[in-house]
Amino acid sequence: MFLDMPHVLASLSVVQSALLAALMVGISCGLLGSYVVVRRVALVGDALSHAVFPGVVAGFMWSDDRNAFVIFGCALVAGLLGVVVVRAIEKSTRLKSDAALGIVLASFFAIGILWNSTDQQSGVKDFLFGDLAVISSLDLSLMGGVTAIVVFSVLALIRPFQILSFDEGFAIGLGYPVKILNFIFFGLLTFTVVVAIQAVGVVLVSAMLITPAATAYLLSDRMNRMMLYAVGFGCFACVSGGLISSHMSGMPPGPVISLMGAFTFGVVYFVAPQHGVLAKLMRHLQQRKRVERENILKAIYKVLEANEFSDSGVSLKELAMIRRVTLEDAVKQGQLLVDSNEATWEEGKTAIYLTPSGWRRAVEIVRNHRLWELYLTDLANYEADHVHDDAEKIEHVLGAEAVRRLERDLDFPEFDPHGKPIPSVQRAVDSSVGKLEETGYRSSK
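Here we summarise the structure given alongside this text. Worth saying up front: this structure is predicted, and the values here are computed from it rather than measured. Residue positions are given per chain, counting from 1 as you read along its sequence in written order. Since the coordinates come from a predicted model, pLDDT governs what is reported: local features require at least 70, and pairs of side-chain atoms require 80 or more to be given and counted, while whole-chain, interface and lining totals use all residues. Excluding hydrogens and water, the side-chain figures rest on all heavy atoms present in the structure.

Comments concerning the overall build of the protein
Heads up, the condition is: Secondary structure elements follow DSSP: runs of H or I of four or more residues count as helices, runs of E of two or more count as strands, with numbering from the N terminus. Residue contacts follow a heavy-atom distance rule, with two residues in contact if any of their heavy atoms lie within 4.5 Å.
Along the protein, the regular secondary structure elements total 21 helices and three strands. For the protein, contacts bridging at least 24 residues in sequence account for 69% of all contacts bridging at least 6.

Okay, structure coming up:
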């Protein structure tokens, strides 16, 4: 079967060859692009894509029949040389990697442009902006071989690559040959860049390394899953962009493929369930709504405390007074608690009564507030009249473990800096169960 592969590739139509090349670019760029994004070396892909351009020009000059292997070999040498120069600049100067990459990117690309301008080579433009239509069976064989090498290498070295990407020091501690792994990684990256430039071009190949992986990064916190998503997004961008450009005369595939990748990123950027803009906006609104409810519960607790807990509810007028709002707004605020099952209305909506869950949360918020005020005055040396605003913010985010630590550090205090009692949730709930059942847990039915 493998012996017949050249004949099979030669029998493919132009569209089939273009789609197959697009798929291979999507696979290799998606796999390595995931590590590029995680390692935060996005500029490396851009520098490599520009650094290989002198090699592309040299390959055209030294190969009369546009031999793909000669062009690939020259471009590969130029790319690896670019990596060596970057490393040399980093080690011999005070410059950081971004500055070294910028120097290599600009200088190597300028050499390629200047070299090509003095000795014009037909076909070099295809490597600047990409052209899937001119990919030959020999090109496909080369791309297939490189893609197979990339896939095999990434799967074989998936664990050391992942450890190296997240913590190089930890990788050294585990005994991994970090220098060799880095050499393999950047070598594979150079292979991928050289192969991809014929599809998307020198100028835009970094987009295929970055955009699909960045899109996948918004959808998953697991590296293996991110790599699968990146491959999927990369293949989609390459195939869809190639098809669109093939139906639009005069439109090079490189920019269209890059725009399809950017379009996919834009969609995921807004609708990703965890890191998307809409999801973050929804969480922000929910948090604001929760903070509002907890502030209302705290206000009700203060009224009940002032009345020595003679009842478990407050009148609408009392709620409006302590919240400094109108009666109409007080009804809206009370309805927030009713909707969350933290309170019930008295018939006619003249008073509101806390449910057991509402009472418990009210006690928790007041306890958090007063504990934090005491912590600031006793352990952080704040003035007692300067702690209220800080406690207003922190009371909503203190977790159970943090509260237990505060209580231990403060030796289980009973009063805050202003002499007000710090309620114990369990004692408050236990002592109020009977009262809630008799008077507090009412319904407006």
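A word on the layout of surface pockets
Defined as follows: For each structure, a 1 Å grid was placed over the protein atoms alone; sets of points admitting a 1.4 Å probe that cannot get out are labelled cavities, open sets with protein on both sides within 12 Å along at least five of seven lines are labelled pockets, and lining residues have an atom within 4 Å of a point. Grid points are joined across faces, edges and corners, and a volume is the space filled by probe spheres set on the points. Basically, the charged four are Asp, Glu, Lys and Arg, the nonpolar ten are Ala, Val, Leu, Ile, Met, Phe, Trp, Tyr, Cys and Pro, and anything else, Gly included, counts as polar.
Counted as a void, the largest pocket has a volume near 750 Å³. Lining the largest pocket we find 30 residues, and of these Val83, Arg87, Glu90, Asn182 and Phe186 sit closest to its centre. Elements represented by at least two residues in the lining of the largest pocket include exactly helix H3 (42–51), helix H5 (68–92), helix H6 (97–118), helix H9 (158–166) and helix H11 (178–200). No other element matches the eight residues that H5 contributes to the lining of the largest pocket. Looking at the lining of the largest pocket residue by residue, the classes come out as 17 nonpolar, five polar and eight charged.

Quick notes on the side chain of Gln333
Basically, it comes down to this: Under the scheme applied here, a residue whose accessible area is under 20% of the maximum for its type counts as buried, over 50% as exposed, and between as partly exposed, the area being computed with a 1.4 Å probe on protein chains only. Definition of a polar contact: a pair of N or O atoms within 3.5 Å, with one able to donate and the other able to accept a hydrogen when the atoms are protein atoms, and with sequence-neighbouring residues admitted only if both atoms are side-chain atoms.
Along the polypeptide, Gln333 turns up in helix H17 (residues 327–339). By relative accessible area, which is 10% here, Gln333 ends up buried. A polar contact of 2.9 Å, which involves the side chain of Gln333, links it to the side chain of Arg323.

Things to note about the sheet that holds strand S2 (residues 343–345)
Just so we agree on the cut-off: Each pair of strands is called paired provided DSSP finds at least two bridges between the two strands. Every axis in this analysis is a line fitted to C-alpha atoms, fitted for helices over the stretch in contact. Angles between the N-to-C directions lie between 0 and 180 degrees.
Sheet architecture is open: three strands sit in the order S1-S3-S2, paired in antiparallel fashion. What marks the edges here is a single partner per strand, and that holds for strand S1 (313–315) and S2. Taking each pair of neighbouring strands and ignoring which way they run, the sheet shows an average axis angle of 20°. In the sheet, S2 pairs with strand S3 (residues 351–354) via three bridges, with the strands oriented antiparallel. By the bridge assignment, Ala343 is partnered in S3 with Leu354. Packed onto the sheet, H17 meets S2 and S3 and runs at close to 125° relative to S2.

Focus: helix H15 (residues 277–306)
Structurally, the α-helix is built with 3.6 residues per turn, so residues lying three or four positions apart point the same way. Spelled out, the test is: The length a helix should cover is 1.5 Å for every residue beyond the first.
The end-to-end C-alpha distance of H15 is 43 Å, a good match for the 44 Å that 30 residues give at a rise of 1.5 Å each. Count one or two residues on from H15 and you reach Glu308, which has phi positive near 55°.

Re empty space enclosed by the protein
Taken as a whole and judged by the stated rule, the model has one cavity of 30 Å³ or more. Here the largest cavity is characterised by a volume of approximately 150 Å³. Lining the largest cavity are 14 residues, and of these Ala68, Phe127, Leu142, Val194 and Gln198 sit closest to its centre. When grouped by side-chain class, the residues that make up the lining of the largest cavity number 11 nonpolar, one polar and two charged.

Thoughts on the pairing of S3
With burial as the criterion, each face of S3 is covered, one bearing Ala351 and Tyr353 and the other bearing Ile352 and Leu354. Counting the residues that bridge the hairpin from S2 to S3 gives five residues, and of these Gly348 lies at a positive phi of roughly 90°.

Remarks on the packing of aromatic side chains
Stated formally: Working definition: rings of Phe, Tyr and Trp (its six-membered ring) pair if their centres are within 6.5 Å, and the pair is stacked with planes under 30 degrees apart, edge-to-face with planes over 60 apart, and tilted otherwise. We count a charge as sitting over a ring when the NZ of a lysine or the CZ of an arginine lies within 6 Å of the ring centre and within 35 degrees of the ring normal.
A complete count under the given rule lists 12 aromatic pairs for this structure. Their ring planes at 25° and their centres at 6.0 Å tell us that Phe265 and Tyr269 sit as a pair that is stacked. In this pair, Phe265 and Tyr269 are both assigned in helix H14 (residues 253–271), four residues apart and thus about one turn of the helix distant. Exposure remark for Phe265: the relative accessible area of 28% places this residue in the partly exposed category. A relative accessible area of 38% places Tyr269 in the partly exposed class. Centroid distance Tyr301 to Phe309: 5.5 Å. Interplanar angle 65°. Geometry classified as edge-to-face. Overall, Tyr301 belongs to the buried group, its relative accessible area being 4%. Residue Phe309 is classed as partly exposed on the basis of its relative accessible area, which comes to 30%. Pairwise contacts between aromatic rings join Tyr35, Phe161, Phe185 and Phe186 into one cluster. If you follow Arg39 out to its NZ or CZ, it ends over the ring of Phe185, 4.8 Å from the centre.

A few points about the side chain of His396
Topologically, His396 is positioned in the loop between helix H19 (388–394) and helix H20 (400–409). A polar side-chain atom of His396 sits 2.6 Å from a polar atom in the side chain of Glu294. Filtering out sequence-adjacent residues up to four positions away, His396 remains in contact with Arg290, Val291, Glu294, Asn295 and Ile365.

Some words on the packing of H3 against H11
Definition in use: Roughly parallel refers to an angle under 35 degrees, roughly antiparallel to one over 145, roughly perpendicular to one between 65 and 115, and oblique to any angle outside these ranges. In this scheme the crossing of two helices becomes right-handed for a clockwise turn of the near helix relative to the far one and left-handed for an anticlockwise turn of less than a right angle.
Viewed as axis vectors pointing N to C, H3 and H11 meet at an angle of 55°, and their least axial separation amounts to 10 Å. Classed by the angle they form, the pair H3 and H11 counts as oblique. Of the two elements, H3 crosses H11, and the hand of that crossing is right-handed. Taken together, the residues of H11 that come into contact with H3 (itself represented by Val44, Gly45, Leu48 and Ser49) are Phe186, Leu189, Thr190 and Val193. Of the residues that constitute the contact of H3 with H11, the class distribution is five nonpolar, three polar and no charged.

As for the pattern of salt bridges
Close approach of charged atoms allows side chains of opposite charge to pair. Just so we agree on the cut-off: By definition, a salt bridge exists where a carboxyl oxygen of Asp or Glu is found within 4 Å of a side-chain nitrogen of Lys or Arg.
Scanning the entire structure with this criterion turns up 12 salt bridges. One salt bridge in this structure joins Arg404 and Glu401, with 2.9 Å as the shortest N-O distance. Taken together, the positions of Arg404 and Glu401, both in helix H20 and three residues apart, correspond to about one turn of that helix. By relative accessible area, Arg404 is classed as partly exposed at 41%. Its relative accessible area of 43% is what places Glu401 among the partly exposed residues. A salt bridge links Arg408 to Glu401, with the nearest nitrogen and oxygen atoms 3.9 Å apart. Here the residues in one salt-bridge network are Arg290, Glu294, Arg360, Arg361 and Glu364, joined through shared partners.

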